[in-house]
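So you can see what is in the structure, the chains are spelled out below.
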2 protein chains.
Amino acid sequence: MLKNDLILRTLAGLATERPPVWMMRQAGRYLPEYRKLREKYSFFERVQTPALAAEITLQPIDQLGVDAAILFSDILVVLQAMGLEVQLLENTGPVLPDPVRSEADAKRVYVPDVEDALSYVFDAIRLTKQELNGLVPLIGFAGAPWTLLCYMVDGKGSKTFDLTKSFCYCQPELAHRLLQRLTDTSINYLLQQVKAGADVVQLFDSWGGLLGPEDFEIFSMQYMRKIIEALKGEVPVILFAKGAWHSLASMAATGVSCIGVDWCIRPGMAREMAGSQVVLQGNFDPARLLTPKPELKKQITRMLNAFGPGKHIANLGHGILQNVPVDHAKLFVDTVKNHVYQNSFEKSSL
Amino acid sequence: MLKNDLILRTLAGLATERPPVWMMRQAGRYLPEYRKLREKYSFFERVQTPALAAEITLQPIDQLGVDAAILFSDILVVLQAMGLEVQLLENTGPVLPDPVRSEADAKRVYVPDVEDALSYVFDAIRLTKQELNGLVPLIGFAGAPWTLLCYMVDGKGSKTFDLTKSFCYCQPELAHRLLQRLTDTSINYLLQQVKAGADVVQLFDSWGGLLGPEDFEIFSMQYMRKIIEALKGEVPVILFAKGAWHSLASMAATGVSCIGVDWCIRPGMAREMAGSQVVLQGNFDPARLLTPKPELKKQITRMLNAFGPGKHIANLGHGILQNVPVDHAKLFVDTVKNHVYQNSFEKSSL
């Protein structure tokens, strides 16, 4: 049914002719076609209009030739569905005018009927699948409960999300109740995405790395484990907890199909910590895509050799930056597609 | 000469009766006495007036009973001395109105006569030492060349310092020339601090963790190595590269006396990576100081047991937050002072 099922075969643990390649935030601001739509429609118009979301999702497939599409959407739609107002100011980031910091605030947060509240996402998935017509698989996604809690409590982006951390330390019972509601909603949300046609789903814990190893288990990992468990037998799951290298073994133990790693860990070390079974995804430094082309190609090649053949999905270590030239993004994809692995001596030395 | 030389004995590798304790940013906004001075004097007035800097440096010694003083100053005074304008807006952070991004910009950046350009720092050290009267040792400090370059190029704080990274990738020759100038200036600066009376110096690479392991070596570590080399035989050096856990072995190999670690690594793992010889400093999560007291005490005890007795300086994993209650900071210090280690079985399980 799928013309290119490379990423599905890799996620199933099968040997493949080359690693699949896609890029986090591949549908976005670095593409001129996207910027044109951005001038005409607000962020949430783009997200909530299935035809626009599908169009944006498809742009990098045509432009770059990646091996998977990832739905154009935002992790914060889940908070909207749970009763919170979320604004997205262009070039500023998300703002929640009424963040949740007390028992009284928490009364506003409920587990919604996602099929109804987020129907536009499932419509966008159905439409995208139809337009993809089997060209490549479609990845759905959700934010991890901890990362969503960060926005729910801090109310905007932060370097450290200290308000949320303090909230968890001072009102742990309330924090866990909210994390459970986020988990229940996310499970329903991801199951509905699968039902609508998502071939793979990725769980983004963008702020997991702000927690120490014990707190990561308590406030993030235990909830992600429940989500992964609920998706078993449905579709392959990719778990990306940025900065949480210290818990790679614990992530691998969930039986998740794939773990995303950022650029601040050597591929060999990530493999050692995660064990030999799980597929690894990553981990090119997004800022490194700004490197002039000849050196850029060397760096990409170096990363591919460091991961070695098999059980690897080539990707960035975080989302693509908006000022990356399209031909540099294209070079990333093409370099992966044309790569020939060096011998095992080279691999082991990286 | 010193009434309390606990930190010096620990840094010399000697067995001590208990771990020494101090806190990064211990002289600062969480103290009411500091906030009073802040209402009367601007940030750089406080930094550049030796009597004020000395007064602020001493505040936490009286208030908390820490085992070391650290000079109240700012890493960015070095950029001012090198010819750049640095503004510090309260509650906003540093701003360089004319950041360095080209060959032409770089012409404004020179290696100064630090003894003259930063005389107020050395005056503050002499005055502080006089007022301390041997009570506890005084720690001097400097920012690492990479971290200073981040401010020099980005011109303000950033989550990712992508402008600086891109600058390094696109104009590596110019970046290395600036890093060398920063290194030369920092060496002179730290040697003068020692001459003025600093008993220990700490090198802060606050943004080292934004670089991948290879880039960390190229753009940060090789310059810190030169600084550490230049200070050999002078005073003990503490190296704190936040987030750069992947290079603990390489940091230990410099022969530095002590390595600071942040809270995102288990103490046992840090010890394994850094080897058995070097002293480790850290690593309590600064946000965890907001925890209610009974649980807070448990968490501090847990950290101390995880490091185990010897070769450990108790500290936070980054600077203290401004909203930490003083009695919580005091609890941190007192818990360390009164700690009795659990048996080695407990230690190894953490």
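Structural notes, computed from the coordinates. (Residues numbered from 1 in each chain as written. Chains lettered and ligands numbered in written order. Predicted model: local features only at pLDDT ≥ 70, side-chain atom pairs only at ≥ 80, totals over all residues.)

## Things to note about the overall build of chain A
At step 1: Helices and strands together make up the secondary structure of chain A, namely 17 helices and nine strands.
At step 2: Relative to a compact globule of 350 residues, whose C-alpha radius of gyration would be 20 Å, chain A shows 19 Å and is just as compact.
At step 3: For chain A, the spread of C-alpha atoms along the principal axes amounts to about 60 × 45 × 40 Å.
At step 4: Out of the 350 residues belonging to chain A, those deemed buried represent 53%.
At step 5: The long-range share in chain A, meaning contacts at least 24 apart out of those at least 6 apart in sequence, stands at 74%. (Helix = DSSP H or I, 4+ residues; strand = E, 2+ residues; numbered from the N terminus. Rg over C-alpha atoms; globule rule 2.2 N^0.38 Å. Buried ≥ 20, exposed ≤ 12 C-beta atoms within 10 Å, placed from the backbone. Contact = placed C-beta atoms within 7 Å.)

## Let's talk about the nonpolar core
At step 1: Among the nonpolar cores identified, the biggest contains 242 residues, and A:Leu239 and B:Leu239 are the most heavily contacted of them.
At step 2: Not counting the four nearest positions on each side in its chain, B:Leu239 is found in contact with B:Leu203, B:Met224, B:Ile228, B:Met251, B:Val256, B:Ile259 and B:Gly260. (Core = buried A, V, L, I, M, F, W, Y, C linked by C-beta atoms within 7 Å.)

## Re the packing of helix α2 (residues 32–40) of chain B against helix α4 (residues 50–64) of chain B
All names here are of chain B.
At step 1: Across the interface, α2 lies against α4 with an axial gap of 9 Å and an inter-helix angle of 160 degrees. Classified by the angle between their axes, α2 and α4 sit roughly antiparallel to one another. The element α2 and its partner α4 pack so that their crossing is left-handed. Contacts from Glu-33, Tyr-34 and Leu-37 of α2 reach α4 at Leu-52, Ile-56 and Gln-59.
At step 2: Considered class by class, the residues forming the contact of α2 with α4 number four nonpolar, one polar and one charged. (Axes fitted to C-alpha atoms, helices over the stretch in contact; angles between N-to-C directions. Parallel < 35°, antiparallel > 145°, perpendicular 65-115°, else oblique. Left-handed = near helix turned anticlockwise from the far one by under 90°. Nonpolar A, V, L, I, M, F, W, Y, C, P; charged D, E, K, R; others polar.)

## Focus on helix α16 (residues 326–337) of chain B
Residue and element names in this part refer to chain B.
At step 1: With 12 residues, α16 should reach 16 Å at 1.5 Å per residue; the first-to-last C-alpha distance of 17 Å fits that figure.
At step 2: All buried positions along α16 are accounted for by Ala-329, Phe-332, Val-333, Thr-335 and Val-336. The buried side chains of α16 occupy one side of the element, clustering within an arc of 165 degrees when seen end-on.
At step 3: Where α16 is buried, its residues contact α4, β8 (279–284), α15 (293–307) and β9 (312–316). (Expected span 1.5 Å × (residues − 1). Arc of directions from axis to C-beta.)

## Let's talk about the interface of chain B and chain A
At step 1: Contact with chain B, which involves 24 residues of that partner, is made by 24 residues of chain A.
At step 2: Element by element, the count of residues in the side of chain B that touches chain A is highest for helix α10 (residues 162–170) of chain B, at five residues.

## A look at the relation of the copies chain B and chain A
At step 1: With an RMSD of 0.0 Å, chain B superimposes on chain A once it is rotated by 180 degrees and translated 0.0 Å along the axis. Classification of the inter-copy transformation places it as that of a two-fold axis. Among all residues of chain B, the one whose C-alpha sits closest to the rotation axis is B:Lys159, at a distance of 3.1 Å.
At step 2: Both copies share a contact surface, since 100% of the interface residues of chain B are interface residues in chain A too. (Least-squares fit on C-alpha atoms with pLDDT ≥ 70 in both.)

## Concerning the sheet that holds strand β9 (residues 312–316) of chain A
All names here are of chain A.
At step 1: Taking strand neighbours across the sheet as the criterion, the seven strands line up as β1-β4-β5-β6-β7-β8-β9 in an open arrangement whose pairing is parallel. What marks the edges here is a single partner per strand, and that holds for β1 (69–70) and β9.
At step 2: Direction of pairing for strand β5 (residues 200–205) relative to strand β6 (residues 237–241): parallel, over a ladder of five bridges. Bridge pairing in β6 places Gln-202 opposite Ile-238. (Pairing = 2+ DSSP bridges.)

## So, the sheet that holds strand β4 (residues 138–143) of chain B
Residue and element names in this part refer to chain B.
At step 1: In space, the seven strands of this open sheet follow the order β1-β4-β5-β6-β7-β8-β9, with parallel pairing throughout. Two strands in the sheet have a free side with no partner beyond their single neighbour: β1 (69–70) and β9.
At step 2: Direction of pairing for β1 relative to β4: parallel, over a ladder of two bridges. Along β4, the bridge assignment pairs Ala-69 with Leu-138.

## A short note on the environment of A:Ser158
Residues and elements named next belong to chain A.
At step 1: With respect to the helices, strands and loops of the structure, Ser-158 is situated in the loop between α9 (145–154) and α10 (162–170).
At step 2: The exposure class of Ser-158 is partly exposed, given the 18 C-beta atoms found within 10 Å.
At step 3: Along the chain, Ser-158 and Asn-315 lie 157 residues apart, while their C-alpha atoms are 25 Å from each other.

## Remarks on the packing of α9(A) against α10(A)
All names here are of chain A.
At step 1: The N-to-C vectors of α9 and α10 enclose an angle of 100 degrees; their axes lie 8 Å apart at closest approach. One finds that α9 runs roughly perpendicular with respect to α10. Contacts from Leu-149, Cys-150, Val-153 and Asp-154 in α9 reach Leu-163, Thr-164 and Phe-167 in α10.
At step 2: Its residues assigned to classes, the contact of α9 with α10 comprises five nonpolar, one polar and one charged.

## A word on the pairing of β8(B)
Residues and elements named next belong to chain B.
At step 1: For β8, the tally of buried residues reaches six of six residues, placing the bulk of the element in the interior.
At step 2: Bridge count for strand β7 (residues 258–260) against β8 is three bridges, and the pairing is parallel. Within β8, the residue paired with Gly-260 across the bridge is Gln-281.
At step 3: Crossover handedness for the path β7 to helix α14 (residues 267–274) to β8: right-handed.
At step 4: Following the backbone out of β8, through α15 and into the adjacent parallel β9, one traces a crossover that is right-handed. (Right-handed = clockwise from strand over helix to strand, strands pointing away.)

## Concerning unusual backbone geometry
At step 1: The amide bond that connects A:Gly282 to the next residue, A:Asn283, takes the cis arrangement and shows omega of -10 degrees.
At step 2: Positive phi is not limited to glycine here, since B:Asn133 has a value of about 50 degrees.
At step 3: Along the chain, B:Asn133 turns up in the loop between α8 (119–132) and β4.

## Comments concerning the pairing of β5(A)
Looking along a regular strand, one sees the side chains alternate between the two faces of the sheet.
Residue and element names in this part refer to chain A.
At step 1: Judged by how many residues are buried, β5 sits mostly within the fold: six of six residues are covered.
At step 2: Taking every second residue as pointing to the same face, both faces of β5 are buried, with Val-200, Gln-202 and Phe-204 on one and Val-201, Leu-203 and Asp-205 on the other.
At step 3: Sheet analysis places strand β4 (residues 138–143) next to β5, joined by five bridges and oriented parallel. Bridged to Ile-139 within β5 is Val-200.
At step 4: Between β5 and its parallel partner β6, the chain crosses via helix α12 (residues 213–230), and the hand of that crossover is right-handed.

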